[in-house]
Amino acid sequence: MNPFSSGTRLRDMIRAIRACKTAAEERAVVRKECAAIRAAISENDQDYSHRNLAKLMFIHMLGYPTHFGQMECLKLIASPGFPEKRIGYLGLMLLLDERQEVLMLVTNSIKQDLNHTNQYIAGLALCALGNICSAEMARDLAPEVERLLQFRDPNIRKKAALCSIRIIKKVPDLAENFVNPAAALLKEKHHGVLLTGVQLCTDLCKVSKEALEHLRKKCTDGLVRVLKDVVNSSYSPEYDVSGIADPFLHIRLLKLSCVLGQGDADSSDTMNDILAQVATKTESKKNAGNAILYECVATIMSIEDNGGLRVLAVNILGKFLSSRDNNIRYVALNMLMKAIALDSQAVQRHRTTLLECVKDSDASIRKRALDLVYLLVNESNVKSLTKELIDYLEVCDSEFKGDLTAKICSVVEKFSPEKIWYIDQMLKILSAAGNHVKEEVWHALIVVITNASNLHGYTVRSLYRAVQTAGEQETLVRVAVWCIGEYGEMLVNNAGMLAGENPITVTESEAVDVVETAIRCHSDLPTRSMCLIALLKLSSHFSSCSQRINNIILHYKRSLVLELQQRAIEFNSIIEKHHNIRSALVERMPALDEATYSSRRAGSVPAAVSTSEGAPLNPPNGVSKHTSSALVDLLDLTSDDITAPSSSGGDFLQDLLGVDQSPALSHPGTNQTQKSSNDVLLDLLSIGTPPAQSGSSTNNMLSPNQDNKNSLDMLDTLTSAQASSLVGSSMIDLLDGFGASSSVPVAEKNGLTLPSIVAFESSSLRVTFKFLKQPENPETALIEAQFFNKSPNIYSDFTFQAAVPKV
Amino acid sequence: MIHFVLLISQQGKVRLAKWYSPYSQKERSKVIRELSGMILNRGPKLCKFVEWRGYKVVYRRYAGLYFCMCINHEDNELEILDIIHHFVVILDRYFGNVCELDLIFNFHKAYYILDEILIAGELQESNKKTVERLIDAQDLLVETAKEEANSISKLIAQATN
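Thresholds applied
- Residues numbered from 1 in each chain as written.
- Chains lettered and ligands numbered in written order.
- Predicted model: local features only at pLDDT ≥ 70, side-chain atom pairs only at ≥ 80, totals over all residues.
- Heavy atoms only, no water.
- Helix = DSSP H or I, 4+ residues; strand = E, 2+ residues; numbered from the N terminus.
- Buried < 20%, exposed > 50% of the residue type's maximum accessible area, 1.4 Å probe, protein only.
- Contact = heavy atoms within 4.5 Å.
- Areas by Shrake-Rupley, 256 points an atom, 1.4 Å probe, with all protein chains shown as cover.
- Axes fitted to C-alpha atoms, helices over the stretch in contact; angles between N-to-C directions.
- Left-handed = near helix turned anticlockwise from the far one by under 90°.
- Nonpolar A, V, L, I, M, F, W, Y, C, P; charged D, E, K, R; others polar.
- Buried area = accessible area lost by both parts, 1.4 Å probe.
- Salt bridge = Lys/Arg side-chain N within 4 Å of Asp/Glu carboxyl O.
- 1 Å grid on protein atoms, 1.4 Å probe; cavity = no way out; pocket = protein on both sides within 12 Å on 5 of 7 lines; lining within 4 Å.
- Points joined across faces, edges and corners; volume = space filled by probe spheres on them.
- Phe/Tyr/Trp six-rings, centres within 6.5 Å; stacked < 30°, edge-to-face > 60°.
- Lys NZ or Arg CZ within 6 Å of the ring centre and 35° of its normal.
- Polar contact = N/O pair within 3.5 Å; in protein donor to acceptor, adjacent residues only side chain to side chain.

> Would you mind going over the overall build of chain B with me for this structure?
A count of helical and extended segments in chain B gives five helices and seven strands. Traced from its N-terminal end to its C-terminal end, chain B shows the element sequence β-β-α-β-β-β-α-α-α-β-β-α. Scored against the burial criterion, the 161 residues of chain B give a buried share of 57%. Here the analysis covers contacts within chain B between residues at least 6 apart in sequence; of these, 46% occur between residues at least 24 apart. Of the roughly 6900 Å² of accessible surface on chain B, 55% is carried by carbon and sulfur atoms.

> Could you clarify how one ought to interpret the packing of helix H14 (residues 247-261) of chain A against helix H2 (residues 77-95) of chain B in this entry?
Relative orientation and spacing of two packed helices are given, respectively, by the angle between their axes and the distance between those axes. Orientation of H14(A) relative to H2(B), taken along the N-to-C sense of each, is 145 degrees, at an axis distance of 11 Å. Crossing of H14(A) against H2(B): the hand is left-handed. Of the residues in H2(B), those in contact with A:Phe248, A:Ile251, A:Arg252 and A:Lys255 of H14(A) are B:Glu79, B:Asp82, B:Ile83 and B:His86. Of the residues belonging to the contact of H14(A) with H2(B), the class tally is three nonpolar, one polar and four charged.

> I keep staring at the interface of chain A and chain B and nothing clicks. Help me out?
Where interface size is given, it is often the accessible area lost as the parts come together that is meant. Between chain A and chain B, the residue contacts involve 67 residues of the former and 59 residues of the latter. Together, the buried faces of chain A and chain B total about 5700 Å²; carbon and sulfur atoms form 57% of this surface. Residue A:Arg99 is joined to B:Glu27 by a salt bridge in which the shortest nitrogen-to-oxygen separation is 3.9 Å. Top element by residues in the side of chain A that touches chain B is helix H6 (residues 82-95) of chain A. It accounts for eight residues. When the residues that make up the side of chain A that touches chain B are grouped by side-chain class, the tally is 30 nonpolar, 17 polar and 20 charged.

> Before we go on, may I ask you to explain the environment of A:Met57 in this structure?
Assignment of secondary structure puts A:Met57 in helix H4 (residues 49-62). Counting along the chain gives 33 residues from A:Met57 to A:Leu90, while the straight-line C-alpha distance between them is 8.9 Å. Discounting chain neighbours no more than four positions away, the residues touching A:Met57 are A:Ile87, A:Leu90, A:Gly91, A:Leu94 and B:Phe107.

> Got a minute to help me understand empty space enclosed by the protein in this structure?
Empty pockets left among the atoms are what a rolling probe the size of a water molecule brings to light. Tallied over the full model, the rule gives twelve cavities of 30 Å³ or more. The space that makes up the largest cavity amounts to roughly 160 Å³. Taken together, 15 residues form the lining of the largest cavity, with A:Leu124, A:Cys127, B:Asp115, B:Glu116 and B:Gln138 sitting closest to its centre. Mapped onto the lining of the largest cavity, the elements with two or more residues apiece are H6, helix H8 (119-132) and helix H10 (154-170) of chain A together with helix H4 (107-117) of chain B. Of the residues contributing to the lining of the largest cavity, the split by class is eight nonpolar, three polar and four charged.

> Where do I start with the packing of aromatic side chains in this structure?
We describe a pair of aromatic rings using the distance from one ring centre to the other and the angle between the two ring planes. Enumeration according to the criterion identifies 15 aromatic pairs over all chains in this entry. Measuring from ring centre to ring centre gives 5.0 Å for A:Phe787 and A:Phe800, while their planes differ by 70 degrees; the resulting arrangement is edge-to-face. Taken as a pair, A:Phe787 in strand S5 (residues 781-789) and A:Phe800 in the segment after S5 lie far apart in primary sequence, 13 residues in all. Stacked on the ring of B:Tyr112, the Lys or Arg A:Arg86 has its end atom at 3.8 Å from the ring centre.

> Which parts of the structure should I look at to understand the layout of surface pockets?
Roughly 1400 Å³ of volume is contained in the largest pocket. Around the largest pocket, the lining comprises 40 residues; the ones closest to its centre are A:Asp47, A:Tyr48, A:His50, A:Arg51 and B:Lys146. Of all the elements in the fold, those that place two or more residues in the lining of the largest pocket are helix H2 (10-19), helix H3 (23-42), H4, helix H5 (70-78) and H6 of chain A together with H4 and helix H5 (128-160) of chain B. Among the elements that line the lining of the largest pocket, the one with the most residues is H5(B), at twelve residues. Of the residues contributing to the lining of the largest pocket, the split by class is 16 nonpolar, eleven polar and 13 charged.

> Mind showing me how you'd approach the side chain of B:His3 here?
All names here are of chain B. By the secondary structure assignment, His3 is in strand S1 (residues 2-9). Judged by its relative accessible area of 8%, His3 is buried. Among the polar contacts made by the side chain of His3, one reaches the side chain of Ser21 at a distance of 2.7 Å. At a separation of 2.6 Å, a polar atom in the side chain of His3 contacts the side chain of Asn72.

> Would you mind showing me how to read the pattern of salt bridges here?
When the charged atoms of two side chains lie near each other, side chains of opposite charge can form a pair. Tallied over the full model, the rule gives 38 salt bridges over all chains. The salt bridge involving A:Asp360 is made with A:Arg329; its shortest N-O contact spans 2.6 Å. You can see A:Asp360 sitting in the loop between helix H20 (351-358) and helix H21 (363-376) and its partner A:Arg329 sitting in helix H18 (residues 326-342), a full 31 residues away along the chain. Here B:Asp115 and B:Lys18 are joined by a salt bridge, their closest N and O atoms 2.9 Å apart. Within this pair, whereas B:Asp115 is found in helix H4, its partner B:Lys18 is found in strand S2 (residues 14-19), the two being separated by 97 residues in sequence. Across the pair, exposure class does not vary: B:Asp115 and B:Lys18 are buried alike. A network of salt bridges, in which partner residues are shared, links A:Asp513, A:Glu516, A:Arg520 and A:Arg548.

Purely geometric numbers; function is a separate question.
So this is what it looks like as structure tokens:
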């Protein structure tokens, strides 16, 4: 024998590898060993193949490639001796997986070993088959395994049972062959065989409906009896785990009961007694007992309803919740999620404990508890729950803040009983975690604020106070700046005081301070853009600070950020040169329609929302461009567009209205005729009498963007310099004019108007006709058709055809 | 079912890895890396369950070794804690106060024991004594075969000398 070919012993190789100080050293040792093993394999060295494979497996565990060893496994499995087979099968399971074709070559060896007289060899084969067989192997060898289910030795029977589980999972068609043998296993006395037999039955039921029916009919009573025996069995040291005899068998039996009882009232009835016994008698001091109780609760929740048992189950969960063991609390929270669907009243009782769990130090428990609390909120407990959650929000970790904020916001929005409470809570949330609040949430807040006209003063004052303490929260600052811009005079005049509100003295310059700090300290574009607009508004409201505001704005004329520079230039120009229109420009925003906003938000076209979400304030850009330069420019531009009616006109209008892409344009249900866009512009710029109200609402004007609100603001005041009350109608003109076919808006200035009618109305479309007779030409009537898209979808390819009767 | 069993040392070294669901070699390394990162960094007071890729991974720490088992979402985590303990107690009884070194130098024996406890990701035997008896019987077979081989080779050596 060549001493060198024997190579090192396994132990020595392991020692050598562990002694390596660097990765490079280890690689060198491994390489040497692999070379020796490869040489031995190619020389077909039988003597040390056992040891070589063991070494190879160790090397594999370290993470090195060992493909060359796969055939060795096969050779060892094929050899007659037990030690070789043992290591061969282990190598097979470790180095190969079911997806490799090499595995097929083993099928024959395994077949022979399954029929071997030595039960340990048969056991090895069953184990390997059960762990890694592929579907083809399963099909080939299923009959052998089936036969072994009735072998005389319990060791083989239990292995065969588990191997069968894998077979039926890989080849569900074979399930019917195993049903009868599996049912027979339920009568076993040997715990191991019973354990595996029960598991086989459970998996059979999951895989095949016929198996489920059969087992349910034949075995439910037997199962209940076995469970009773196990539960009442006396102490046995072999099976004992923390004082309970064979908890694993308990749990398997309960699982099978769950599967058999689910959906079947009769089976569920037979199980009630034993389930009640398990639920009440099992000791819950140690994990084993708790595991059984947990399985019992899961079973009770899944089978057909028995009121008493359910109550028992929820009580057990309640006890789990107050356990000091984190593991127990975690599983209880999991199970409570299921319980809530079945009986939410019972779970409500544990609300306080759940709130405590939200504050737990373990992240998984916190998350689960928060999900549960969210499901428990209803109108009666929303105020107290929200208070608790917001208190916690102020102190919790930042990773958790995002989740918590989102949940609180959605709770507040869904269940808020009155507007003032909603505003209060939102302000608290913004102060505590403004940076985690999503865009749509604070947009919604502003929508609500504009609609609550009696609360404007209160809101702006609360915001003012909030910004003093929590000025670093971006979102809070944005909302505050917007409100101060809109309702600035209410802030300084203490207008609209609510009963019980504390008066607060804020001078105009202090209000401007807030905005100035905001623009200086925050670096993100939307906030600073909003600040500039707010300053413009304030310059009109607070004449005393006008100069100061102008100085601030002047500073940004030189900003390197295009948006800010542009705004600064335009606003500065308005302040200095266009006093006459300034106040009209910055008139108060009309209330934004909440219902439409929320329906839009819920089901609206994502395109419009998402494209504008990112930079919500671009549009005023487009608007400002036109207001700052003389109105004549606008007209000029318009005339340009008339001559070039293709895309430019449309784009121009889109810019004007501050919608980024055409989808938003089509919200009002328009067709994209460019001609009409020009008409609208003329309309827009005709600062004369706007046409009569068509009576339609301002609904369609809204798209869920902040931009439109601001832009519409501007355009509003453009068209109705004198008549701000006609705000609604001018907005209609603006957008609805898209749908207008070849009307001649100029004529409207001078013509007679007749009452308009609603020509057609369905759930998704409304068509209104407005009539106009030109005084110069009384035989002709001008009909302006307006199309409103009432659905949240975009209309495309919308055509309007008019049929006229021949005279 | 249990999808895989991992034994990971404090330093992230794999001492034992048994896969009951199909994972390719590359996927296995990825899984091990991910889970090592997640589990080794968890504080001691946190619960022993980690949610990962839609599965649950239950782990228990014994001295410097983390025993991890990955189960389906609907399985009973508390039971797995006991199955892990069952495995560890049997290892302890076999090796006599088992330590990590035992598992390193006798990894193949640790695998043999695991194969008597779990097959196809399900529990095979709840009786610790039965498992011991089976392992001992198989070890005896191996010993006998080795002795026979030795005596044969002695005979051959004598004959050829």
